[in-house]
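Each chain is listed here by its residues.
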Amino acid sequence: MKVDPGPRKVNAEYAIEYLQENPEAGLCCEDKRCWITPNANETDDEVLLIDVTEAERLKDNPRLRLVPGIAHTGRSLWVVRRMT
């Protein structure tokens, strides 16, 4: 029987690729924890983990934008910008 190891840890380069391929996903950070959620509307789900240093590098990527005013106090959410 295979055991699910849970979300795997990734770097900023892999995370931006995932976010671009999954436009409904988002980068969430809260306190000293950061993760990629498969659906930015449900930020509790974790599909990938990313350490804080890599998350900061990812936030500097011009392809991402901060989503203001999400429901969770103290949590930030970043998503891929819609290019027109």
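Predicted model, so just to flag it, every value in this text is computed and none were measured. (Residues numbered from 1 in each chain as written. Predicted model: local features only at pLDDT ≥ 70, side-chain atom pairs only at ≥ 80, totals over all residues. Heavy atoms only, no water.)

Caption draft 1: Structural context of unusual backbone geometry. Non-glycine residue Asp31 carries a positive phi angle of around 55°. Structurally, Asp31 can be placed in the loop between strand S2 (26–30) and strand S3 (33–37). (Helix = DSSP H or I, 4+ residues; strand = E, 2+ residues; numbered from the N terminus.)

Caption draft 2: View of the nonpolar core. Of all hydrophobic cores here, the largest spans 18 residues; its most connected members are Leu19, Leu27, Ile36, Ile50, Leu58 and Leu64. A per-element tally of this core places helix H1 (residues 12–21) first, with 5 residues. Beyond its immediate sequence surroundings of up to four residues, Leu58 is in contact with Ala12, Ala15, Ile16, Leu19, Leu27, Ile36, Ile50 and Leu64. The next biggest cluster of nonpolar side chains, apart from the first, holds 5 residues, and it includes Cys28, Ala40, Leu77 and Val79. (Core = buried A, V, L, I, M, F, W, Y, C linked by side-chain atoms within 4.5 Å. Buried < 20%, exposed > 50% of the residue type's maximum accessible area, 1.4 Å probe, protein only. Contact = heavy atoms within 4.5 Å.)

Caption draft 3: Quick look at the pairing of S2. Buried residues dominate S2, accounting for 4 of its 5 residues. Direction of pairing for S2 relative to S3: antiparallel, over a ladder of 5 bridges. Bridged to Gly26 within S3 is Thr37. The turn joining S2 and S3, which pair antiparallel and follow one another in sequence, is formed by 2 residues; a positive phi near 55° is taken by Asp31. Where S2 and strand S6 (residues 75–80) come together, 4 bridges link them in antiparallel fashion. (Pairing = 2+ DSSP bridges.)

Caption draft 4: Summary view of the packing of H1 against helix H2 (residues 52–59). Where H1 contacts H2, the two axes come as close as 9 Å, and the packing angle between them is 50°. Taken together, the axes of H1 and H2 are oblique relative to one another. Between H1 and H2 lies a crossing of right-handed hand. Every residue of H2 that contacts H1 at Ala12, Glu13, Ala15, Ile16 and Leu19 is listed here: Glu54, Arg57 and Leu58. Considering only residue class, the contact of H1 with H2 consists of 5 nonpolar, no polar and 3 charged. (Axes fitted to C-alpha atoms, helices over the stretch in contact; angles between N-to-C directions. Parallel < 35°, antiparallel > 145°, perpendicular 65-115°, else oblique. Left-handed = near helix turned anticlockwise from the far one by under 90°. Nonpolar A, V, L, I, M, F, W, Y, C, P; charged D, E, K, R; others polar.)

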